[in-house]
Amino acid sequence: MVVTSVGVVGAGVVGLTTAVKIQQQIPGVEVTLIAEKFSPDLTSNVAAGIFLWGPKAPDETTNVQWACDSWQWFDNLLSEARPWETGVSKLPTYLFSSHSKDLVERKLMERLTPVYRECTLAELDLAQPAGKY
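Cut-offs used in this document
Note on numbering: residues in each chain are counted from 1, in written sequence order. Where local features are concerned, this predicted model is filtered to residues with pLDDT of at least 70; where side-chain atom pairs are given and counted, the filter is 80 or more; whole-chain, interface and lining totals use all residues. In computing side-chain properties, one takes all heavy atoms of the structure into account and sets aside hydrogens as well as water. Where helices and strands are cited, they refer to DSSP runs of H or I of at least four residues and of E of at least two residues respectively, numbered from the N terminus. This radius of gyration counts C-alpha atoms alone. The globule rule is 2.2 Å times how many residues there are, raised to the power 0.38. Here the term buried applies to any residue with accessible area under 20% of the maximum for its type, exposed to any over 50%, and partly exposed to those in between, with areas from a 1.4 Å probe on protein chains only. Throughout, a residue-residue contact means that at least one pair of heavy atoms, one from each residue, lies within 4.5 Å. Note on areas: Shrake-Rupley, 1.4 Å probe, and residue coverage restricted to the protein chains presented here. In this tally, Lys and Arg are treated as positive and Asp and Glu as negative; His is ignored, and so are the chain termini. To locate a charge, take NZ of a lysine, CZ of an arginine, CG of an aspartate or CD of a glutamate. A pair of Phe, Tyr and Trp rings is counted when the ring centres sit within 6.5 Å of each other, with Trp represented by its six-membered ring. The angle between the planes then sorts it: under 30 degrees is stacked, over 60 is edge-to-face, the rest tilted.

Visitor: What is the right way to read the overall build of the chain from this model?
Guide: Counting its regular elements, the chain contains five helices and two strands. A compact globule built from 133 residues would reach a C-alpha radius of gyration of about 14 Å, whereas the chain, at 19 Å, exceeds it by more than 25%. Its C-alpha atoms give the chain principal-axis dimensions of about 60 × 40 × 30 Å. Across the 133 residues of the chain, 20% fall into the buried class. In the chain, 53% of the contacts between residues at least 6 apart in sequence involve partners at least 24 apart. Put simply, the chain shows about 10,200 Å² of open surface, and 57% of that area lies on carbon and sulfur atoms. The chain carries 11 positive and 15 negative side-chain charges, and their two centres are separated by 4 Å.

Visitor: What is the right way to look at the packing of aromatic side chains in this model?
Guide: Two aromatic rings are characterised by how far apart their centres lie and by the angle between their planes. All told, the structure shown has one aromatic pair when counted by the stated rule. On the basis of an interplanar angle of 40° and a centroid distance of 5.2 Å, the ring pair of W71 and F74 is categorised as tilted. Here F74 and W71 lie together in helix α2 (residues 60-79), a separation of three residues that amounts to about one turn. Residue classification places W71 among the buried positions, given a relative accessible area of 13%.

Below you can see the structure in the form of structure tokens.
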């Protein structure tokens, strides 16, 4: 049986991305978006995304390659300096944990990004009352 139509629930960034990927991978398929709201009345219109590598590939070599490829894609969009089109801009980001340094430490991010470091004591004070790492 050949699939000729697919329904995708949600019209936010995930729903739209899913619809596009389906169309790219199944030529000729008709994709229908099913959603309560559409742009501009979506969280996706104002939500921020943060590039932070967390997925794990089947092996370390693949994991590093996926992370490097993803960072390169993100960095290329950033270098275009057209956030109104790409949706990508650079903002300072902090990761805080009151439980464990392991929850915020990402060695691979240190390799990928120009600045990825431990917070200073003054920066840790921003996360009061719980910033330890």
